[in-house]
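So the chains spell out like this:
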Amino acid sequence: MSDLLPAIIENWFAGRGWRPRRHQLEMLDAADRGDHALLVAATGAGKTLAGFLPTLSDLIAAPTDGLHTLYVSPLKALAVDVRRNLLAPIEEMGLPIRVETRTGDTPSDRKARQRVRPPQILLTTPESLSLLLSYPDAMLMFADLRTIIVDEVHAFATQKRGDLLNLSMARLQAIHPRLRRVALSATVADIDAYRAWIAPDGDIDRVTPVLGEQGADPDVAILIPEGRVPWSGHSGKYAAKQVMAEIESRRTTLVFCNTRGLAELIFQELWSVNDANLPIAIHHGSLSIEARRKVESAMAAGRLRALVATASLDLGVDWGNVDCVIQMGAPKGSSRLLQRIGRANHRLDMASEAILIPGNRFEYLEARAALDAVEAGERDADDFRSGSLDVLAQHIMALACAGPFRAAEMLEEVRSATPYSALSAETFDNVLSFIEGGGYALRAYDRFKRLTRDADGLWRVSHPRFVQQHRMNAGIIVDQPALAVRFANGRKLGTVEEGFAASLRPGDSFFFSGMALEVVRMDTSDLVVRATSKQARIPSWGGTRMAMSTRLADRVRHFLAEPGEWHRFPDDVREWLEMQKLRSALPQPGQLLIETFPHEGRHYLVCYSFEGWNAHQSLGMLLTRRMDAQGLMPMGFVSNDYALAVYGLKPVTDPKSLFSADILDHEFVDWVEQSSLLKRAFRDVAVISGLIERQHPGKRKTGRQVTFSTDLIYDVLRKYQPDHLLLKAAWADARARMTDVGRLGDLIDRAANTMLHIALDRVSPLAVPVLILIGREQVAQRDAEDALLMEAEALVAQAMRAD
């Protein structure tokens, strides 16, 4: 035991037959020295308690009635869960410590009271913290703040929400220079990069790294289907009966899906084979807050046997009664898989049990690669980048709402936030100019003149209405235009995106919140529904699909190039690779394999790059444009995470000419500017930066209204101020997020030196999974499935023929 641990906490540990773990005591030591700290420890190792132990010890030794510790999490559910788990030991020890949450779901009267009389420990999110800093009394509220704890730091640091949080920490540090920063995570690859991110001024020497005790190795298996590993598909729904059998044999199972649409699909598939009528539920971010809280409470109380969920629950929500995690479809990254595995058992000395359900043969290789990476302790690399300027504009406006400021002092404070440490004075002045009047192309409009500089050099908000406007519209997460799904009695079930809602008519039915719903009517903001037993479809949600991480991609390439590894695979996967080696080739690591062949009157080019669906979609657009310019008469393309297939009426004999490096300088720029990508990115940065309002007092704009407003401004700026700050920010987003341009560039570079082109007389085994997708993505009716299945079987027969 440490001398720093109060007797009451020692006795609490002893009363449960526990002992403080080494890393928990090291966190106490770091706090005693006044050091910032980064704790990296496995799930179930008591990370959260380790983060709070110095706070509890401090409040026992020197009680205070003011705000002592701020805890910031990426998810509202995580803040609620931590409060529940933290209150138990506080109440059991009889400590007079108040713990409260403050998120977008907190009632307004409680928010107002918290600013006047905050609890000693406040649990919140980056957005709610930013709003707190926008009030003039923020200096008083945070005057006695001693510690800020950032949980699941890997979910923040490389994102725009991380930019906002780091800027907020810079302001808190200015209010209280001796403030300690603490970060917690189970899945950090580059410890020094995260130490730099959490440190004031990026000074890693001021951040003590604390590594948790090694826990039991996870018990992870890949489920092999009853039959053969499918050639295509990514849902794993073929295994519904097997998954249900796993659920029946356990107390509680978490079933993770990579998308909301897949979660709805898998829930319906499981429910259809739930012969024992076990209580199972669904949880994702588009469901109403009431529905999510109800499910979370049921899980915490042990009333559910299974919960189908998305990333809405893969960060830190701790339910000790979960004894198995099932991942439907490919895991996409070893860090994400490890995070999800950690939701099971939740004890350091007990192996977490998980089962992976690959959707197809390539996904089997990916699942095997992920298991190997987890066993090797390999984590996915994080891509740190400079802070976003739209976020900076929002932050500066928030601080201006709290009171006037001087530009030089603000710049110095902003630069102390690591993502903005290299911010130039010129760029900072451009951000100020943007908030001051929208930029010179928009200066004629008073509604963009949010800041004014006085004669004495102080910047202040131009009019009180802009303060209210900021607080109503602040936030980093920009929802896609959406409609509320409601019953006729007004009960809200959640939201669906406007694009999906537009495809529905009265009488149509769809699955949502685990129910089949029939559309009754639709207006500008609501989709009114009723329960139905009619056949229904699965909603679609936009957003970028998760791509397989580069490290997993490297491992899959290694599998293909090493036949000595194939004995570990199921017979049908091994036969597939052996036939590919016989009939064509398997790419070596670093090599880009291109196959061309005719099939049913078309000519195909298939590129095996393993760079992810997003990069392949972008490349498909660019290649078809080049093929058209070369007179090859392209007809279309289709892709998955592993390969891209482009098809047309004339054969490609010189693929190198299609992959030349200038494709990113010419066709890429033209394509992005002519597509909707840049407009969508501009919409997001315009909302985040505060240029466009989402809400007015008593009224919220519809998605169409926001899009119409941003499209008008976008066109004006493109014409009259093409170097506008927001256009540059939109370009950065479009390139980095929406197209995976970094991986696209790597692909093009690899093509120049390592391309292996093999011309075949018919389809190859490796091409089958991507070619099966042609036609399938547009099919909605189940009666077309049989025809597609027959086509797939014929394709497989051709590919697997040895002659």
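Our subject is the structure listed above.
Now for a quick tour of the structure. (Residues numbered from 1 in each chain as written. Predicted model: local features only at pLDDT ≥ 70, side-chain atom pairs only at ≥ 80, totals over all residues. Heavy atoms only, no water.)

**As for the packing of aromatic side chains**
This is how it is decided: For this analysis, a ring pair means two rings from Phe, Tyr or Trp (six-membered ring only for Trp) whose centres lie within 6.5 Å, classed as stacked if their planes differ by under 30 degrees, edge-to-face if by over 60, and tilted for the remaining angles. Put simply, DSSP marks the helices as runs of H or I at least four residues long and the strands as runs of E at least two long, and each gets a number from the N terminus on. Classification of residues uses two cut-offs on accessible area relative to the type maximum, computed with a 1.4 Å probe and protein chains only: under 20% is buried, over 50% is exposed, and between them is partly exposed.
The tally for this structure, following the rule as stated, stands at 16 aromatic pairs. Relative to Tyr-642, the ring of Phe-362 has its centre 4.8 Å away and its plane inclined at 15 degrees; by these criteria the two rings are stacked. Taken together, the positions of Phe-362 in helix α14 (residues 361-375) and Tyr-642 in the loop between β24 (634-639) and β25 (644-648) put the pair 280 residues apart, joining distant regions of the chain. The pair formed by Phe-362 and Tyr-642 is uniform in burial state, with each residue classed as buried. Geometrically, the ring pair formed by Tyr-364 and Phe-569 is edge-to-face, given 5.8 Å between the ring centres and 80 degrees between the ring planes. Here the residue Tyr-364 occupies a position in helix α14, and Phe-569 occupies one in the loop between α20 (550-561) and α21 (571-583), the gap between them amounting to 205 residues. The class of Tyr-364 is buried, set by a relative accessible area of 2%.

**Section: the environment of His-558**
Selection rule: By the criterion applied in these results, polar contacts are pairs of N or O atoms within 3.5 Å in which, for protein atoms, one can donate a hydrogen and the other can accept it, and in which residues neighboring in sequence qualify only through two side-chain atoms.
Relative to the elements of secondary structure, His-558 occurs in helix α20. Each C-alpha atom, one on His-558 and one on Pro-587, is 9.0 Å from the other, the two residues being 29 residues apart in sequence. Only 3.5 Å separates the side chain of His-558 from the side chain of Glu-565, close enough to count as a polar contact.

**Section: the packing of helix α13 (residues 334-341) against α14**
Heads up, the rule is: Here an axis means a line fitted to C-alpha atoms, over the contact stretch when the element is a helix, while the angle between two N-to-C directions is reported on a 0 to 180 degree scale. Should an angle fall under 35 degrees it is taken as roughly parallel, and over 145 as roughly antiparallel, whereas 65 to 115 is taken as roughly perpendicular and any remaining angle as oblique. Residues count as neighbours in contact if any of their non-hydrogen atoms are within 4.5 Å of one another. For this scheme, ten residues count as nonpolar: Ala, Val, Leu, Ile, Met, Phe, Trp, Tyr, Cys and Pro. Four count as charged, namely Asp, Glu, Lys and Arg, and the remainder, Gly too, count as polar.
Two elements in contact, α13 and α14, have axes whose closest approach is 9 Å; the angle formed by their N-to-C orientations is 75 degrees. Comparing their axes, α14 and α13 come out roughly perpendicular. Across the interface between the two elements, Ser-334, Leu-337 and Leu-338 from α13 touch Ala-370, Leu-371, Ala-373 and Val-374 from α14. Counted by class, the contact of α13 with α14 contains six nonpolar, one polar and no charged residues.

**Structural notes on the sheet that holds strand β17 (residues 482-487)**
Going by this rule: A strand pair is defined by DSSP finding two or more bridges across the two strands.
Strand order in this open sheet of five strands is β18-β17-β21-β20-β19, and the pairing throughout is mixed. Looking at the sheet topology across the chains shown, the edges are occupied by β18 (492-497) and β19 (509-512). Mean inter-strand twist for the sheet, computed between neighbouring axes without regard to direction, equals 40 degrees. The pairing of β19 with strand β20 (residues 515-522) spans four bridges and is classified as antiparallel. Note on β20: the bridge partner recorded for Phe-510 is Leu-517.

**Points about the pattern of salt bridges**
This is how the line gets drawn: A side-chain nitrogen of Lys or Arg and a carboxyl oxygen of Asp or Glu constitute a salt bridge if their distance falls within 4 Å.
For the structure shown, the criterion picks out 37 salt bridges. Between Glu-518 and Lys-534 there is a salt bridge whose closest N-O contact spans 4.0 Å. With Glu-518 in strand β20 and Lys-534 in the loop between β21 (526-531) and α20, this pair connects stretches of sequence that are 16 residues apart. Classification of Glu-518 as buried rests on a relative accessible area of 12%. When the shortest N-O distance is used, the salt bridge between Arg-762 and Asp-761 registers 4.0 Å. The class of Asp-761 is exposed, set by a relative accessible area of 59%. Residues joined by salt bridges that share partners form a network here, namely Asp-65, Arg-98 and Arg-117.

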